[in-house]
Amino acid sequence: MNFIKKVNWHQIRFEIFESLSRFPLAVISGITLAILYIFTTHKTEDWNQMQRYLMCLHLAIPLSIAVELFSEKYYPGFRWIFISVLIAFLCIYFAFFTMESDWNQLRFLILLVVSHLLVSIAPFIFDRDNNKFYNFNVSLFQQFFICLFYASIIVIGLDGALWAIDALFDLKINTTIYLDIFFIVALIFHPVLFTSRIPILSELADDCEEPKSIEIIVKYILLPFTMLYFFIIYAFGLKLLTEWNLPHGWVGKLCLSFLAVGIGSYLLNFSFYKAAKNKFQLNFSKYFFPSIIPIVILLAVGLLYRVRQYGFTELRVIVLAITLLLFGLLVYYLNPKNKGLLKWIPIGFSCVGFILSLSPWSANSIAITNQSNRFISLVKSNDLLMNDVLDKSKISVSSDSVQQLLYSKLHYLVAKKNTSRVDNLFNESLQAKESQYRYDPGTIHPYIRFIDSSGTLIERNNQNLYFSIQNTNRGPIGIEKYSYCKRVDINPNSENNLDYAYMDQIVFHNKDTISIVKLILDRSITIEKETAADLNFKIIYNGKEAMFSINNISIIKNPDGRFTLDYAEGLLFYQE
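Quantities reported herein were computed from a predicted structural model and do not represent experimental measurements. (Residues numbered from 1 in each chain as written. Predicted model: local features only at pLDDT ≥ 70, side-chain atom pairs only at ≥ 80, totals over all residues. Heavy atoms only, no water.)

Bringing the overall build of the chain into the picture now. Within the chain, the regular secondary structure consists of 22 helices and twelve strands. Within the chain, the proportion of its 576 residues that are buried is 45%. For the chain, restricting intrachain contacts to residue pairs at least 6 apart in sequence, the fraction spanning at least 24 positions comes to 69%. Accessible area of the chain: about 31000 Å², with a carbon and sulfur share of 63%. (Helix = DSSP H or I, 4+ residues; strand = E, 2+ residues; numbered from the N terminus. Buried < 20%, exposed > 50% of the residue type's maximum accessible area, 1.4 Å probe, protein only. Contact = heavy atoms within 4.5 Å. Areas by Shrake-Rupley, 256 points an atom, 1.4 Å probe, with all protein chains shown as cover.)

Laid out in structure tokens, this is it:
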């Protein structure tokens, strides 16, 4: 009871009221997120549909904080108008930009980063004062991690107590309760506590504050790690120059990691640089931008080399945009006439993120256009057209490298569900099939099937041609004729050669036999009203009719042109 009396309930009520009054939409979004996450862990609902709501609510938290701060600083009388505009934006985003696709997920991550950057710049968008901008963001940085520490302690404490009770009293507590506690603390407690501690803008100090905790982090953690990355990348750059080699693909990740840590260190080191407490911190901020020039050049060279080889993807477009932005920041901060406003860094990244995610020049649009143009150019340069449409006979006699490039470009467009720019290269019958295609991963797109007979070419080399087919869209299987079922792995290199021998031939129309490999490659053959795409085959097993339902199968094209069965796995239904 004494402990309860010592709790400052007045302070707790004040912080909750402060959070609800200043940032109501952020708090409501966090509560709604927690409820939806708990609901999805207890119910088997359509995750894709629920994911759309979760994406919008995740964006609503930082965006609403940014809007509230902007209106509080510049237009307090228009607060609810700005909130209404934000709600309208989230509704539009939900309706048009949250459907299931890898690009929409990447777009969401970009917007999530942009929305957090907007929180840092919203109250200073029209200001030219570095000091208040620095003080505000340092305070946000401190409070976020302090609140994260409190939330972590609560989650560990509650889940640990629950686990102890369950273990000692054998209550068989549902394990989803552990997740429920996490969601409640992470999405309700943490946002409420954090938003209640966001500084009042009018109370910010005019001079840069120098928190001891930030100084320790910058001086003993961030700056040493930044210098370590610095020496590693410079050493690798010298290695490339001495060997006269182009950088590998993963170098871009290392360069971007260094630049992210370096820019963060530069921003946090701002007050110490101005105060010139020691030469190390002073020299770091003074020479940071000149020192990253070779790294940005290395990043650009590696990126352009990959683009020249394979064209643009969304990630390469994003890296290119970041590289161009970095060149712009270098020009700005290296110019002695500029005052070097810190806010231009988050503003620049926010603008790039918005353009790449929601504008007509989005990363997805640029990548689709580039890959489509490269596909069309490849087709025309190798004379693969007949009467302005692709000719299968010309494709089949083209080199392996050309077929591989055709497949990779087309597969990219199919995976992105956007083949509109190359539709006119295929005949009308294929276009009709394409219009009905559901982009189901368990089926094969008609364009892919036209380019490659198996539909799923994975790799070509000088020796073998590998195919892999997965049957993921199978309907019900009638098993009334069979007594037993067992899982079968067919591998000619294993001891299971008996089953492999039976699988070499299958029954066709109850009298003839045909190679299973030929049947897989020739999708026009039907077996008793079942297409080969169903991958349910009648076979002879132990002298009696059986059925093999394939889950996965791999076929090899040998150097002499023959196709052989490499591997198959599925269910065998057979009689006594």
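The structure having been displayed, the exposition proceeds.
Scanning all chains against the criterion turns up 30 aromatic pairs. The interplanar angle of 70 degrees and the centroid separation of 5.0 Å between the aromatic rings of Tyr74 and Phe126 together place this pair among those described as edge-to-face. Here the residue Tyr74 occupies a position in the loop between α4 (47-73) and α5 (79-96), and Phe126 occupies one in the loop between α6 (102-121) and α7 (130-169), the gap between them amounting to 52 residues. For Tyr74, a relative accessible area of 21% puts it in the partly exposed group. Residue classification places Phe126 among the exposed positions, given a relative accessible area of 52%. Aromatic rings pair up to connect Phe70, Tyr74, Tyr75, Phe78, Phe82 and Phe126 into one cluster. A cation sits over an aromatic face here: Arg52 above Phe94, 4.2 Å from the ring centre. Lying across the ring of Trp80, Arg79 places its NZ or CZ 5.0 Å from the centre. (Phe/Tyr/Trp six-rings, centres within 6.5 Å; stacked < 30°, edge-to-face > 60°. Lys NZ or Arg CZ within 6 Å of the ring centre and 35° of its normal.)

Taking 1.5 Å as the rise per residue, helix α13 (residues 293-310) with 18 residues should run 26 Å; its terminal C-alpha atoms sit 26 Å apart, in good agreement. Within the sequence span of α13, burial applies to Ile295, Val296, Leu298, Leu299, Ala300, Gly302, Leu303 and Val307. Residue Gly311 follows α13 closely and has a positive phi angle near 85 degrees. (Expected span 1.5 Å × (residues − 1).)

Residue position: Phe426 is located in the loop between α18 (400-415) and α19 (428-436). On the accessibility criterion, Phe426 (1% relative accessible area) is buried. Residues Phe426 and Tyr447 lie 21 residues apart in sequence; the distance between their C-alpha atoms is 7.6 Å. Not counting residues within four places of it along the chain, the set of residues in contact with Phe426 comprises Phe375, Val389, Leu390, Leu410, Gln431, Tyr447 and Phe450.

With that settled, consider helix α9 (residues 212-243). Over its 32 residues, α9 runs 46 Å from end to end, which matches the ideal 46 Å to within 8%, given 1.5 Å per residue. Residue Val218 marks the point of greatest curvature in α9, where the axis turns by about 35 degrees. Turning to α9, its buried residues are Ile214, Glu215, Val218, Leu223, Thr226, Phe230, Ile233, Phe236, Gly237 and Leu240. Note on α9: the residue one or two positions beyond its end, Trp244, has a positive phi of about 55 degrees. (Bend = angle between axes of the 7 residues up to and from the residue.)

The next point concerns unusual backbone geometry. For Asn387, which is not a glycine, the phi torsion comes out positive at approximately 60 degrees. Of note, Asn387 is situated in the loop between β1 (385-386) and β2 (389-390). Unlike most non-glycine residues, Lys417 shows phi in positive territory, near 60 degrees. Within the fold, Lys417 resides in the loop between α18 and α19. Judged by relative accessible area, which is 42%, Lys417 ranks as partly exposed.

One pass over the structure, following the stated rule, counts five salt bridges. Arg22 is the salt-bridge partner of Glu72, the closest N and O atoms lying 3.1 Å from each other. Of this pair, Glu72 sits in helix α4 while Arg22 sits in helix α2 (residues 9-22), and the two are 50 residues apart along the sequence. Take Glu72: its relative accessible area is 31%, and that puts it in the partly exposed class. With a relative accessible area of 8%, Arg22 lands in the buried category. With a shortest N-O distance of 3.4 Å, Lys416 and Glu314 are connected by a salt bridge. Here Glu314 lies in helix α14 (residues 314-334) and Lys416 lies in the loop between α18 and α19, a separation of 102 residues in the sequence. Each member of the pair, Lys416 together with Glu314, is buried. (Salt bridge = Lys/Arg side-chain N within 4 Å of Asp/Glu carboxyl O.)

Turning our eyes to something else, we now look at the side chain of Lys343. Assignment of secondary structure puts Lys343 in the loop between α14 and α15 (344-358). Comment: no salt bridge for buried Lys343; closest opposite-charge side chain is Asp127, at 6.4 Å. If we ignore the near neighbours within four places in the chain, the residues touching Lys343 are Ile121, Phe124, Ile125, Phe126, Asp127 and Phe133. (Lys, Arg positive; Asp, Glu negative; His and termini not counted.)

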